[in-house]
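Structural overview for review
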Amino acid sequence: MKILVCGGAGYIGSHTVKELLDRNYEVIVADNLVTGHKGAVDKRAPLYVGDLKDETFLDKVFTEHTIDAVIDFAAYSLVGESVIEPYKYFENNIGGTLSLLKKMREHGVKYIVFSSTAATYGEPENIPILESDRTNPTNPYGDSKLAVEKILHWFDEAYGIKYAVLRYFNAAGAHHSGTIGEDHKPESHLIPIILQAALGQRSHVGIFGDDYPTEDGSCIRDYIHVTDLADAHVLSLEKTMEENKSRTYNLGNGKGFSVKQVVEAARRVTGIDIPAKIEPRRAGDPSVLIASSDKIIKELGWQPKYYTLEEMISTAWNWHKNHPNGFEE
């Protein structure tokens, strides 16, 4: 079976590519390398460099390979940037997937797994967040993902293209082999920022606010290991194809960790007294964001393998200390 992974040179995409290959799927990667890295792509998978909005590029990929299903990670994903540049996010995130769906329909491909986000919920109604909760994004990034979810629903209704939508918060960690990990330029995710401070690449870690209504005053967020995410994408694809049924799932750890807890766990893992400073709150940061994964666990039998912060951070530390400059030579 041949799977096209769009955005397969990115952080979660590259881990999913490796997971698919290890399960003996044939994999084709499409990525424009704007935020992805050629070095992150497993050499067993051919890489097509191009943009999803380029229909000629997509025709080439779908013509040269008989694709059975698609996993779509390709998107811009910086919340703050999306507020400043909403056009960039709507044009890319919606336009790219819409173009992809058009070509899937033309080439008779009936299955897609879509990498969405818990940012589609906005301010949470419940903790932990349930799939049935109201969706009301508070930024263009979340709105762009929710728009694609609605498009997928109508493509299913009209054309029978079945989908799995996966909503998740913070991916963490790196592949156990240490060959691929997290490398963003600039880095915006907490755990790699902490580990950059451990490596002396930053003077300190900024903790944005310590007066939230949480046990230690810092924000609580959901973290899930990137390999567990990859496993969920593959499992969702298999079930969607097997049952010919669309589905939407949250992916999270169900309890969450505070910023201060993440810093302390990183200090324990690295053995380094990582400097941290309290800084002003960031606008729009909710105090607690945690997703419930009960539905995917119950319906698909998904079981995360990494539960503790220490486990997640140790795999990330293994990657960062051996690749201090990321995928750059």
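Bear in mind the structure is a predicted one, so any value in this text is a computation, not a measurement.

1. Quick notes on the overall build of the protein
Within the protein, the regular secondary structure consists of 10 helices and 13 strands. Radius of gyration (C-alpha) of the protein: 19 Å, near the 20 Å computed for a compact globule of 329 residues. Once the C-alpha set of the protein is aligned to its principal axes, its extents read approximately 55 × 45 × 40 Å. A total of 329 residues make up the protein; the buried ones form 57% of that total.

2. Brief notes about a nonpolar patch on the surface
Taken together, the side chains of Val-79, Val-83 and Ile-84 define a hydrophobic patch exposed on the protein surface, amounting to about 290 Å² of accessible area. Following the sequence through the fold, Val-79 ends up in helix H3 (residues 79-84).

3. Quick notes on the packing of aromatic side chains
Going through the model one piece at a time under the given rule, you end up with 3 aromatic pairs. Relative to Tyr-89, the ring of Tyr-76 lies with its centre 5.7 Å away and its plane at 50°, an arrangement referred to as tilted. Of this pair, Tyr-76 sits in the loop between strand E4 (69-72) and H3 while Tyr-89 sits in helix H4 (residues 86-106), placing them 13 residues apart in sequence. The same class applies to Tyr-76 as to Tyr-89, namely buried. Here the aromatic rings of Phe-155 and Tyr-159 are separated by 5.0 Å at their centres, their planes lie at 75°, and the arrangement is edge-to-face. Of the two residues, Phe-155 and Tyr-159 both sit in helix H5 (residues 140-159), 4 residues apart, roughly one turn of that helix. Lys-88 extends its terminal NZ or CZ atom over the ring of Tyr-76, reaching a point 4.5 Å from the ring centre. Looking at Arg-281, its charged tip hangs above the ring of Tyr-212, at a distance of 3.8 Å from the centre.

4. Focus on the packing of helix H6 (residues 190-198) against helix H8 (residues 259-270)
Viewed as axis vectors pointing N to C, H6 and H8 meet at an angle of 45°, and their least axial separation amounts to 10 Å. Overall, the two elements H6 and H8 adopt an arrangement that is oblique. You can see that H6 and H8 cross each other, and the crossing is right-handed. Mapping the contact onto sequence places Leu-190, Ile-191, Ile-194, Leu-195 and Ala-198 in H6 and Val-259, Val-262, Val-263, Ala-266 and Thr-270 in H8. The class makeup of the residues in the contact of H6 with H8 is 9 nonpolar, 1 polar and no charged.

Definitions and limits used
- Residues numbered from 1 in each chain as written.
- Predicted model: local features only at pLDDT ≥ 70, side-chain atom pairs only at ≥ 80, totals over all residues.
- Heavy atoms only, no water.
- Helix = DSSP H or I, 4+ residues; strand = E, 2+ residues; numbered from the N terminus.
- Rg over C-alpha atoms; globule rule 2.2 N^0.38 Å.
- Buried < 20%, exposed > 50% of the residue type's maximum accessible area, 1.4 Å probe, protein only.
- Patch = residues over 30% accessible without salt bridge, like charges linked within 9 Å, V, L, I, M, F, W, Y side chains within 5 Å.
- Areas by Shrake-Rupley, 256 points an atom, 1.4 Å probe, with all protein chains shown as cover.
- Salt bridge = Lys/Arg side-chain N within 4 Å of Asp/Glu carboxyl O.
- Phe/Tyr/Trp six-rings, centres within 6.5 Å; stacked < 30°, edge-to-face > 60°.
- Lys NZ or Arg CZ within 6 Å of the ring centre and 35° of its normal.
- Axes fitted to C-alpha atoms, helices over the stretch in contact; angles between N-to-C directions.
- Parallel < 35°, antiparallel > 145°, perpendicular 65-115°, else oblique.
- Left-handed = near helix turned anticlockwise from the far one by under 90°.
- Contact = heavy atoms within 4.5 Å.
- Nonpolar A, V, L, I, M, F, W, Y, C, P; charged D, E, K, R; others polar.

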